[in-house]
Amino acid sequence: MKEIMQVVQSISVKRGETLYHAGDKSNALYIVHQGQVKIYHLTEAGKEQLVRILLPGDFTGELALFQDSIHESFAEAMVDTEICMIRRQDLHRLLLKYPTISLEILTEFANRLETSEKQSTRFATEKVETRIALFLAECLERKRDEGNDIELPMSKKDIASYLGTTPETLSRRLTQFEEQGYIQQKGQRKIEVLDLDGLLFV
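So, here is what we can say about the structure in this document. Bear in mind that the values here come from a model prediction, so they are computed numbers and not experimental data.

Description of the pairing of strand S13 (residues 190-193)
Here is the key point about a regular strand: its side chains alternate between the two faces of the sheet.
Turning to step 1, where the next piece is worked out: Judged by which residues are buried, S13 turns out to be one-sided: Ile191 and Val193 face inward and are buried, whereas Lys190 and Glu192, on the alternate face, are not.
Turning to step 2, where the next piece is worked out: Strand direction decides the pairing type here: strand S11 (residues 149-151) and S13, joined by three bridges, are antiparallel. When the sheet's bridge partners are listed, isoleucine 150 is paired in S13 with isoleucine 191.
Turning to step 3, where the next piece is worked out: From the end of strand S12 (residues 183-186) to the start of S13, which pair antiparallel, there are three residues, and glycine 187 there has a positive phi angle of about 95 degrees.

Given below as structure tokens:
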């Protein structure tokens, strides 16, 4: 940790500011220390397609570790965020000296690949109600306590982008789930899952 801290650069990014743009040279690893960062693509029509949300401990820019490349997506702070940045050459040296760091990065790659494959499959085969229901179930599964209340990890606009639908459709489906007795909405970000089994069979 002492060696890592010697090469880490601290970056403060205000809400709405971009950490990097698509087309920028990728030459560093960025680790979220505090805050949230969204990774997204822009479609040909200029619409955002959310890829993932980075929380404290998550990282991006990892392709710079293996090849000279450019970023294919945008990284934008969702709130005021503190970032730890490690340059490519410094990280290479650490990876060679401490192989366990490489194993941790490979594990994260595998997790991201699995998530990406699930998302692609759902876009191709599942109706929007099912995508929303599965997303809520996964939020509930990631909770550390035993309750049925979940706090959405992002705005409904970003959830809609992540699930390949529109905010209007998302709101209609959530209202429909509530009318069917599957969930209860408690404000903009909080939802109580009342009937998980019923929700998963919509």
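Moving on from the coordinates now.
What about the pairing of strand S10 (residues 81-87)?
Turning to step 1, where the next piece is worked out: In terms of burial, S10 is largely enclosed, as five of its seven residues are buried.
Turning to step 2, where the next piece is worked out: The sheet contact formed by strand S1 (residues 9-13) and S10 spans five bridges and is antiparallel. For serine 10, the partnering residue across the bridge sits in S10 and is cysteine 84.
Turning to step 3, where the next piece is worked out: Pairing of strand S4 (residues 28-34) with S10 involves six bridges; the strand directions are antiparallel. What sits directly across from valine 32, in S10, is isoleucine 83.

A look at the packing of aromatic side chains
Turning to step 1, where the next piece is worked out: Enumeration according to the criterion identifies four aromatic pairs in this entry.
Turning to step 2, where the next piece is worked out: Between tyrosine 20 and tyrosine 30 the ring centres are 5.8 Å apart and the planes differ by 35 degrees, which places this aromatic pair in the tilted class. With a gap of ten residues between them, tyrosine 20 in strand S2 (residues 18-20) and tyrosine 30 in strand S4 connect regions that are remote in the sequence.
Turning to step 3, where the next piece is worked out: The exposure class of tyrosine 20 is buried, given its relative accessible area of 3%.
Turning to step 4, where the next piece is worked out: Overall, tyrosine 30 belongs to the buried group, its relative accessible area being 9%.
Turning to step 5, where the next piece is worked out: With 5.3 Å between their ring centres and 10 degrees between their planes, tyrosine 40 and phenylalanine 74 make a pair best called stacked. One end of the pair, tyrosine 40, is in strand S5 (residues 37-42); the other, phenylalanine 74, is in strand S9 (residues 74-77), and 34 residues separate them in sequence.
Turning to step 6, where the next piece is worked out: When the ring centre of tyrosine 40 is taken as origin, the NZ or CZ atom of lysine 38, which lies over that ring, is 5.5 Å away.

Some thoughts on the sheet that holds S4
Turning to step 1, where the next piece is worked out: Read across the open sheet, the four strands follow the order S1-S10-S4-S7; overall the sheet is antiparallel. Edge strands, defined here as strands with exactly one partner in the open sheet, are S1 and strand S7 (59-60).
Turning to step 2, where the next piece is worked out: Of the strand pairs in this sheet, S4 and S7 are connected by two bridges, and their pairing is antiparallel. Paired with tyrosine 30 across the strands is threonine 60, a residue of S7.
Turning to step 3, where the next piece is worked out: Against the sheet, helix H2 (residues 88-97) contacts S4 and S10, and its axis sits at roughly 70 degrees relative to S10.

Observations regarding empty space enclosed by the protein
Turning to step 1, where the next piece is worked out: Applying the stated criterion to the full structure yields one cavity of 30 Å³ or more.
Turning to step 2, where the next piece is worked out: Of the pockets and cavities examined, the largest cavity occupies roughly 40 Å³.
Turning to step 3, where the next piece is worked out: Around the largest cavity, the lining residues are Ile132, Phe135, Leu136, Leu152, Ile159, Leu170, Leu174 and Ile191.
Turning to step 4, where the next piece is worked out: Listing elements by their share of the lining of the largest cavity, those giving two or more residues are helix H4 (128-142) and helix H6 (167-179).

Cut-offs used in this document
- Along each chain, residue indices are assigned from 1 in the same order as the chain's sequence is written.
- Restriction of local features to residues with pLDDT of at least 70 applies here, the model being predicted, together with a cutoff of 80 or more for giving and counting side-chain atom pairs; totals for whole chains, interfaces and linings are based on all residues.
- Side-chain figures throughout are based on the complete set of non-hydrogen atoms in the structure, without hydrogens or water.
- Only protein chains enter the accessibility calculation, which uses a 1.4 Å probe; a residue whose area is less than 20% of its type maximum is buried, one above 50% is exposed, and one in between is partly exposed.
- Secondary structure elements follow DSSP: runs of H or I of four or more residues count as helices, runs of E of two or more count as strands, with numbering from the N terminus.
- Strands pair, by our definition, only if DSSP identifies at least two bridges between them.
- Between the rings of Phe, Tyr and Trp (Trp by its six-membered ring), a pair exists once the centres lie within 6.5 Å; its type follows the angle of the planes, with under 30 degrees stacked, over 60 edge-to-face, and the other angles tilted.
- A ring has a charge above it when a Lys NZ or an Arg CZ is no more than 6 Å from the ring centre and no more than 35 degrees off the ring normal.
- The contact criterion used throughout is that any non-hydrogen atoms of two residues lie within 4.5 Å.
- Here an axis means a line fitted to C-alpha atoms, over the contact stretch when the element is a helix, while the angle between two N-to-C directions is reported on a 0 to 180 degree scale.
- Using protein atoms alone on a 1 Å grid, points that fit a 1.4 Å probe yet trap it form a cavity, whereas open point sets bounded by protein on both sides within 12 Å along at least five of seven lines form a pocket; residues with an atom within 4 Å of a point count as lining.
- Grid points are joined across faces, edges and corners, and a volume is the space filled by probe spheres set on the points.

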